[in-house]
Amino acid sequence: MKDASRRTRGYHPEDRAVSPLPSVLFAASECAPFAKSGGLGDVVGALPIALRERGHDVRVVLPRYGFIDTRGMRRHEAPLGVPLGASEAWCAVYETTLPGSDVPLYLIEHDALFARPYLYDPVGGWSHDNFARFTCLSRASLQLCKYLGFIPDVVHVHDWPTALVPVLLNTVEASGPLAATATVLTVHNLAYQPHFAAAELDLAGVGWGVFQEQGLADQGAINPLKGGLWHATMLTTVSPRYADEVRTPAMGAGLDHVLRYRGADLVGILNGIDERVWDPRADPHLPARFDAADLSGKTVCKRALQDDLGLAPEPLTPIVGIIARLAEQKGIDLVLACLDRLLALDLQLAVLGAGDPALERELLAAAATYPGRVGVRIGFDERVAHRIEAGADMFLMPSRFEPCGLNQMYSQRYGTLPIVHAVGGLDDTVEDFDPARGTGTGFKFHPATADTVLAAVDRACEVWSERPLVWRAMQRRAMTTPFGWDRAAERYDEVYRWALERRRWW
Ligand code: ADP
């Protein structure tokens, strides 16, 4: 039996019978369906529910952005005082639950900081107070715990917006009720690393002791993600392959040395997909439903997609779908670079995306040049995303890097075979076509260039048209591959326990 005086609050293996499952607060800037710009939002909207199903006391905290409707939510009477620099930000707290679950979601309302029509930056511009905004969120998350009397075993934070939480727990909260709370920082995308002027540090109240190389300092500026990577008890990435990649100079986005140093605390856990939302048997966005045993509904979806995007109503022409944030990472420029040669393969392209204005313009120009062959929808549109996943035959992801990627898993679930650059989570989740055995769940290529994209799409089209029975078998294999959150939740439970062990002796 360990010396009781050394015991701190939190999970203790010997207490298993009393406290079998770590309690967790998710502190995040996104949570589907309330606020989402990408995969981070999907994860925070689904993983807490999977953990709850395992029995964890899990709760989520999110800013109340301007577009979140709080009607019908409970408003806590007392305002929450959040220290911010020399003053305090007074926040209102709204409470609701994640849809279809009893997982509490708390929304932090501060009109001056959060009541905006965007998450991070306005379209085509920059938000100049993001350090204050997300410092407020990070501190509010911890203030909220104390206010609620909910002392979580673990605070699980996500990317740079809440990466300050581990630093706060090691500094301003180092004594007091949250002293033994461990942190897990999940890296969804290492590429997003805003830097802030050092002069802003006083806003966070963490003291200048943490503004150092093994902390928040990065070339004279504040890098919250770097601080989080040094201070979090455990680190995770959203796929095992990405956990390896981020330790290399080529893919470590300037932080590979930190990730190598902390390599023993870094675990790659593949994201799951929310099977209640992405299920071709019950998807309310589709004109017809289907499953692995009966794909006839997919033909109806294909025709509807062609109508939606102004594509020629040709059942015998394969449709290649693309849904992406239009950012350099996603490699859409590679598709545009080989567009003429791609269309010479006699296929249709169905594209949904928003982001880089230059890419948006080029895609719209491609649709104008190839009417009926290239269908483009610019914007963020959940319904169209579901209809592309269901109606397309193939799904193209030429990402230069991809921490996990969700669309390749959604597309497999919908019998739409993915064609992917073999990196990160794409490599972990797609089984390459084996021509000899006729097996696989998609098509991989490497490296990512216009020529390799073209060759891979050509390979897929050939199987689609020349080997329909093999294609059917691949569809069935893809559709029945398990991608649910239950397995990931089990792994996170394990990581939370390791984090608690470590925090106990910290
Ligand atoms: P990332 O997080 O890098 O954007 P992921 O593949 O992990 O990439 O997750 C992207 C998520 O955002 C998926 O759920 C995808 O369907 C969705 N998405 C991306 N762009 C759009 C869009 N324009 N409209 C609707 N959903 C989109």
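Residues numbered from 1 in each chain as written. Predicted model: local features only at pLDDT ≥ 70, side-chain atom pairs only at ≥ 80, totals over all residues. Heavy atoms only, no water.

**Let's talk about the pattern of salt bridges**
Pairs may arise between side chains of opposite charge once their charged atoms sit close together.
Argument step 1. Considering all chains together, one arrives at 33 salt bridges under this definition.
Argument step 2. Here lysine 146 and glutamate 173 are joined by a salt bridge, their closest N and O atoms 2.9 Å apart. Residue lysine 146 is located in helix H3 (residues 130-148), and its partner glutamate 173 is located in the loop between helix H4 (164-170) and strand S8 (182-187); the two are separated by 27 residues in the primary sequence.
Argument step 3. For lysine 146, a relative accessible area of 33% translates into the label partly exposed.
Argument step 4. Glutamate 173 sits in the buried class, given a relative accessible area of 5%.
Argument step 5. Ionic pairing is found between arginine 504 and glutamate 501, a salt bridge with its closest N-O pair at 3.2 Å. A residue pair is termed a helical-turn pair when its members lie 3 or 4 positions apart in one helix, as arginine 504 and glutamate 501 do in helix H17 (residues 485-504) at 3 residues. (Salt bridge = Lys/Arg side-chain N within 4 Å of Asp/Glu carboxyl O. Helix = DSSP H or I, 4+ residues; strand = E, 2+ residues; numbered from the N terminus. Buried < 20%, exposed > 50% of the residue type's maximum accessible area, 1.4 Å probe, protein only.)

**Brief notes about the packing of aromatic side chains**
Argument step 1. Summed over all chains, the structure comprises 14 aromatic pairs.
Argument step 2. Residues tyrosine 65 and phenylalanine 67 carry aromatic rings whose centres are separated by 5.5 Å and whose planes lie at 10° to one another, so their mutual orientation is stacked.
Argument step 3. Judged by its relative accessible area of 0%, tyrosine 65 falls in the buried class.
Argument step 4. Taking 5.4 Å as the distance between ring centres and 75° as the angle between the ring planes, the aromatic pair formed by tryptophan 208 and phenylalanine 211 counts as edge-to-face.
Argument step 5. For tryptophan 208, a relative accessible area of 44% corresponds to the partly exposed category.
Argument step 6. Among the aromatic side chains, those forming a connected cluster through ring pairs are Tyr120, Phe131, Phe134, Trp160 and Phe196. (Phe/Tyr/Trp six-rings, centres within 6.5 Å; stacked < 30°, edge-to-face > 60°.)

**Concerning helix H15 (residues 450-466)**
Note: α-helices contain 3.6 residues per turn, so residues at a spacing of three or four share the same orientation.
Argument step 1. With 17 residues, H15 extends 24 Å from end C-alpha to end C-alpha; this agrees with the ideal 24 Å at 1.5 Å per step.
Argument step 2. Among all positions in H15, only Ala450, Thr452, Val453, Leu454, Ala456, Val457, Ala460, Cys461, Val463 and Trp464 are buried. (Expected span 1.5 Å × (residues − 1).)

**With respect to the sheet that holds strand S10 (residues 217-218)**
Argument step 1. Read from one edge of the open sheet, 3 strands run S9-S11-S10, paired in antiparallel fashion. Of all strands in the sheet, those bounded by a partner on one side alone are strand S9 (196-197) and S10. (Pairing = 2+ DSSP bridges.)

**Quick notes on helix H1 (residues 39-54)**
Argument step 1. Here H1 spans 22 Å end to end across 16 residues, near enough to the 22 Å set by a 1.5 Å rise per residue.
Argument step 2. Among the 16 residues of H1, 12 are classified as buried, and the element is accordingly described as predominantly covered.
Argument step 3. What H1 keeps buried is the set Leu40, Gly41, Asp42, Val43, Val44, Gly45, Ala46, Leu47, Pro48, Ile49, Ala50 and Leu51.
Argument step 4. Lining the buried residues of H1 we find strand S1 (24-27), strand S2 (58-63), strand S7 (154-158), helix H13 (407-413) and H17.
Argument step 5. Count one or two residues on from H1 and you reach glycine 55, which has phi positive near 110°. (Contact = heavy atoms within 4.5 Å.)

**Description of unusual backbone geometry**
Argument step 1. With an omega of 5°, the peptide bond running from alanine 32 to proline 33 counts as cis.
Argument step 2. Positionally, proline 33 belongs in the loop between S1 and H1.
Argument step 3. A cis amide bond, omega -5°, links histidine 446 with the succeeding residue proline 447.
Argument step 4. Its place among the elements puts proline 447 in the loop between strand S19 (443-445) and H15.
Argument step 5. One non-glycine residue with positive phi stands out, namely glutamine 219, at about 50°.
Argument step 6. With respect to the helices, strands and loops of the structure, glutamine 219 is situated in the loop between S10 and strand S11 (221-222).

**With respect to the site of the ligand**
Argument step 1. Not every one of the 19 residues close to the ligand is listed here, only the nearest: Gly39, Asp42, Arg325, Lys330 and Gly379.
Argument step 2. At a separation of 2.9 Å, an oxygen atom of the ligand approaches a polar backbone atom of leucine 406.
Argument step 3. Here an oxygen atom of the ligand and a side-chain polar atom of asparagine 407 are 3.1 Å apart.
Argument step 4. Relative to its unbound accessible area of 560 Å², the ligand is 94% covered by the protein chains.
Argument step 5. Elements with a minimum of two residues in the shell around the ligand: H1, strand S14 (319-326), strand S15 (348-355) and H13.
Argument step 6. The greatest single-element share of the shell around the ligand, amounting to 3 residues, is contributed by S14.
Argument step 7. Classifying every residue of the shell around the ligand gives 7 nonpolar, 6 polar and 6 charged.
Argument step 8. The two domains that each donate at least three residues to the shell around the ligand are domain 1 (22-272 + 486-505) and domain 2 (296-479). (Near = heavy atom within 4 Å. Polar contact = N/O pair within 3.5 Å; in protein donor to acceptor, adjacent residues only side chain to side chain. Areas by Shrake-Rupley, 256 points an atom, 1.4 Å probe, with all protein chains shown as cover. Nonpolar A, V, L, I, M, F, W, Y, C, P; charged D, E, K, R; others polar. Domains from an automatic or database assignment.)

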